Amino acid sequence: MCSSDLERDARFTSDVSHELRSPLMTLAASAQVMQARRDELSERSQAALDLLVSDVARFQSLVEDLLEISRFDAGVVRLVREPLRVVEFVRQAVAVSSLPRTPIASDPGVDDAVIHGDRRRLARVIANLIDNAILYAGSGSQVTVRVRTLPDPGLCAMEVEDDGPGIPPEERHRVFERFVRATHSGTGCGLGLAIVREIVSRHGGEVALLPLAPRGLIVRITLPTRENS
């Protein structure tokens, strides 16, 4: 596909996503009004409302993902870099994720580690990894976030671990591609990990899958800690 085709596709994706934002906001606001009076509804209507709220939230997430992807494709992403103390940043990112009580562990001596990155986008990386851990492993799984020191003092790692069934070996090389989901991953749209890879790559970092035995998976984000990296 030539560059003009990519630019046209990126513009189309962006335009469609922007057009969908307004009606989605209306739907979300209407659902909130109905949620406030949920107890007045019949059991069947409550079930229908819960389904509506869930689908609207998922649709909103998809639209935001499409907008972000279109920005990457159009080459208009500008990282707003600032110094971030890794452990403190991870705590803040987890606190606003879909699983705010996720346990956080850190290696000794990593408290002073500083990365220079885009706070909002790196927080999205953590949020997406937690969402995907839940998606792949199931809602009842144990998810843990860790901050690791590495042998290279110019690098640190952030890991999201789950105790689910893991990802089959034949699928691991594809899960970071757009619209690709593992066979047992449920209802995700397949953009979360693609966005993770884009953001991490633009920070000069890497993403790796580390299978655990007999069950579980670690997704490790490695980022440079030196300001001039």
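The rules behind each value
Residues numbered from 1 in each chain as written. Predicted model: local features only at pLDDT ≥ 70, side-chain atom pairs only at ≥ 80, totals over all residues. Heavy atoms only, no water. Salt bridge = Lys/Arg side-chain N within 4 Å of Asp/Glu carboxyl O. Helix = DSSP H or I, 4+ residues; strand = E, 2+ residues; numbered from the N terminus. Contact = heavy atoms within 4.5 Å. Expected span 1.5 Å × (residues − 1). Buried < 20%, exposed > 50% of the residue type's maximum accessible area, 1.4 Å probe, protein only. Pairing = 2+ DSSP bridges. Axes fitted to C-alpha atoms, helices over the stretch in contact; angles between N-to-C directions. Parallel < 35°, antiparallel > 145°, perpendicular 65-115°, else oblique. Left-handed = near helix turned anticlockwise from the far one by under 90°. Nonpolar A, V, L, I, M, F, W, Y, C, P; charged D, E, K, R; others polar.

Counted under the stated rule, the structure contains 16 salt bridges. Close ionic contact of Asp 50 with Arg 38 constitutes a salt bridge, the shortest N to O distance being 2.6 Å. One end of the pair, Asp 50, is in helix α2 (residues 43-74); the other, Arg 38, is in the loop between α1 (3-36) and α2, with 12 residues separating them in the sequence. Arg 146 is the partner of Glu 161 in a salt bridge, and the nearest nitrogen-oxygen pair spans 2.3 Å. Here Glu 161, found in strand β5 (residues 155-162), pairs with Arg 146, found in strand β4 (residues 143-149); they are 15 residues apart in sequence, far enough to count as distant. Each of the salt bridges in this network shares a partner with another, and the network as a whole consists of Glu 68, Arg 71, Asp 118 and Arg 121.

Within the fold, Arg 124 resides in helix α4 (residues 119-137). Every residue in contact with Arg 124, bar those within four places of it in the chain, is listed here: Glu 64, Asp 65, Glu 68 and Ile 195.

Further remarks concern α2. Here α2 spans 47 Å end to end across 32 residues, near enough to the 46 Å set by a 1.5 Å rise per residue. Every buried residue of α2 is accounted for by Gln 46, Leu 49, Val 56, Val 63, Asp 65, Leu 66, Leu 67, Glu 68, Ile 69, Ser 70 and Phe 72. The positive-phi residue at the C-terminal boundary of α2 is Gly 75, with phi of around 70 degrees.

Glancing now at the pairing of β4. As paired elements, strand β2 (residues 104-106) and β4 share three bridges and run parallel to each other. Paired with Ile 104 across the bridge in β4 is Val 145. Pairing analysis gives seven bridges linking β4 to β5, with the strands arranged antiparallel. Along β5, the bridge assignment pairs Arg 148 with Ala 157. Hairpin geometry of β4 and β5 is characterised by an intervening segment of five residues between the two adjacent antiparallel strands.

Moving on to the packing of α2 against helix α5 (residues 192-202). α5 packs onto α2 with a crossing angle of 40 degrees between their chain directions and a minimal axis gap of 10 Å. Here α2 lies oblique to α5, going by the angle between them. When the axes of α2 and α5 are compared, the crossing they make is left-handed. Residues Asp 65, Glu 68, Ile 69 and Phe 72 of α2 form the contact with α5, whose own contacting residues are Gly 192, Ile 195, Glu 198, Ile 199 and Arg 202. Tallied by class, residues from the contact of α2 with α5 come to four nonpolar, one polar and four charged.

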